[in-house]
Amino acid sequence: MNSYLKVGIITQTHGIHGEVKVFPTTDDPMRFKKLKEILLDYKGEYINLEISGVKLFKQYVILKFKDIDDINEVEKYKGSELFVTRQNAVKLKKDEYFIADLIGIKAISDDNKYEGIINDVLQTGANDVYEVLLSNGKTAYLPAIKECIIDVNIENSLLTFHMMNGLIDDEV
């Protein structure tokens with residue numbers, strides 16, 4: 001499991017007083033209002049920044065960092081990713097998982113006929129869909145519903161699923 005969870009990407013500066021416009025990569029941009037600090041990945045080095053202001057603007061979040069008061073100080077951070085520690089992450093409900101924890105784990109069917117690795121999680125609105133690269137070279141798209149996903153064990157990096165008809169990319 002990753003120690004840090006990505007919550008956004010700085011897209012550009014905002015104004016002249018050191019604010020940045022952030023594209024949130026979290027389900028709930030309102031979560032930024034509860035954050036006191038954030039980690040900025042600047043050229044592979046994590047910089048801990050204290051948040052002093054948060055505004056929501058369209059699909060973006062405008063952040064102000066403590067002790068950074070000039071556009072020139074934040075200009076270099078454009079394109080940088082923002083992270084939170086797991087202790088500052090939102091609390092998950094039962095049967096909820098961080099996408100970062102699902103990517104790369106082994107997936108195996110309940111009949112042992114199919115196995116692969118979770119490559120991506122597609123967020124469709126109704127339910128998430130796990131894209132699994134199968135060992136036979138095909139791709140399966142598993143809806144995150146009880147009829148399909150039997151068990152998710154993040155600690156052991158293993159997802160058990162039931163292969164329903166029509167879930168493999170070239171089998172209809």
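None of these values were measured; they are calculated from a predicted model.

Secondary structure summary: the protein chain contains two helices and 12 strands in total. Tracing the protein chain from N to C terminus, the helices and strands come up as β-β-β-β-β-α-β-α-β-β-β-β-β-β. Oriented by its inertia axes, the alpha-carbon framework of the protein chain measures out at about 60 × 30 × 30 Å. Buried positions account for 39% of the 172 residues belonging to the protein chain. Summarising the internal contacts of the protein chain: among those between residues at least 6 apart in sequence, 49% fall at separations of at least 24. For the protein chain, the exposed area adds up to about 10,300 Å²; of that, 48% sits on carbon and sulfur atoms. Of the charged side chains in the protein chain, 21 are positive and 28 negative; the average position of the first set lies 7 Å away from that of the second.

This brings us to the environment of Phe-161. By the secondary structure assignment, Phe-161 is in strand β12 (residues 158-161). Between the C-alpha atoms of Phe-161 and His-14, which are 147 residues apart in sequence, the distance is 45 Å. Discounting residues that sit within four places of it in the chain, Phe-161 has contacts with Ala-107, Ile-108, Ser-109, Asp-110, Tyr-114, Leu-142, Cys-148, Ile-149 and Ile-150.

Attention now moves to the sheet that holds strand β6 (residues 81-85). Judged by pairing direction, the barrel is antiparallel, and its six strands sit side by side in the order β1-β2-β5-β4-β3-β6 before closing back on the first. For this sheet the average axis-to-axis angle between neighbouring strands, irrespective of direction, equals 45 degrees. Sheet topology places strand β1 (residues 4-14) next to strand β2 (residues 19-24); six bridges connect them, and they run antiparallel. Note that in β2 the partner of Ile-10 across the bridge is Val-22.

Once that is clear, we can look at the environment of Glu-50. Residue placement: Glu-50 occurs in strand β4 (residues 45-57). A relative accessible area of 44% means that Glu-50 is categorised as partly exposed. Sequence separation of Glu-50 and Gly-125 is 75 residues, and the distance between their C-alpha atoms is 33 Å.

Attention now goes to the pattern of salt bridges. Per the stated rule, a full pass over the model turns up eight salt bridges. With a closest N to O distance of 2.8 Å, Asp-69 and Lys-64 form a salt bridge. Across the pair Glu-115 and Lys-106 runs a salt bridge, and its minimum N-O distance is 3.8 Å. Among the residues examined, Glu-115 registers a relative accessible area of 35% and is labelled partly exposed. Under the relative-accessibility criterion, Lys-106 is labelled partly exposed at 35%.

Now for the side chain of Ser-80. Tracing the chain through its elements places Ser-80 in the loop between α1 (71-74) and β6. The class of Ser-80 is buried, set by a relative accessible area of 6%.

What counts and how
Residues numbered from 1 in each chain as written. Predicted model: local features only at pLDDT ≥ 70, side-chain atom pairs only at ≥ 80, totals over all residues. Heavy atoms only, no water. Helix = DSSP H or I, 4+ residues; strand = E, 2+ residues; numbered from the N terminus. Buried < 20%, exposed > 50% of the residue type's maximum accessible area, 1.4 Å probe, protein only. Contact = heavy atoms within 4.5 Å. Areas by Shrake-Rupley, 256 points an atom, 1.4 Å probe, with all protein chains shown as cover. Lys, Arg positive; Asp, Glu negative; His and termini not counted. Charge placed at Lys NZ, Arg CZ, Asp CG, Glu CD. Pairing = 2+ DSSP bridges. Axes fitted to C-alpha atoms, helices over the stretch in contact; angles between N-to-C directions. Salt bridge = Lys/Arg side-chain N within 4 Å of Asp/Glu carboxyl O.

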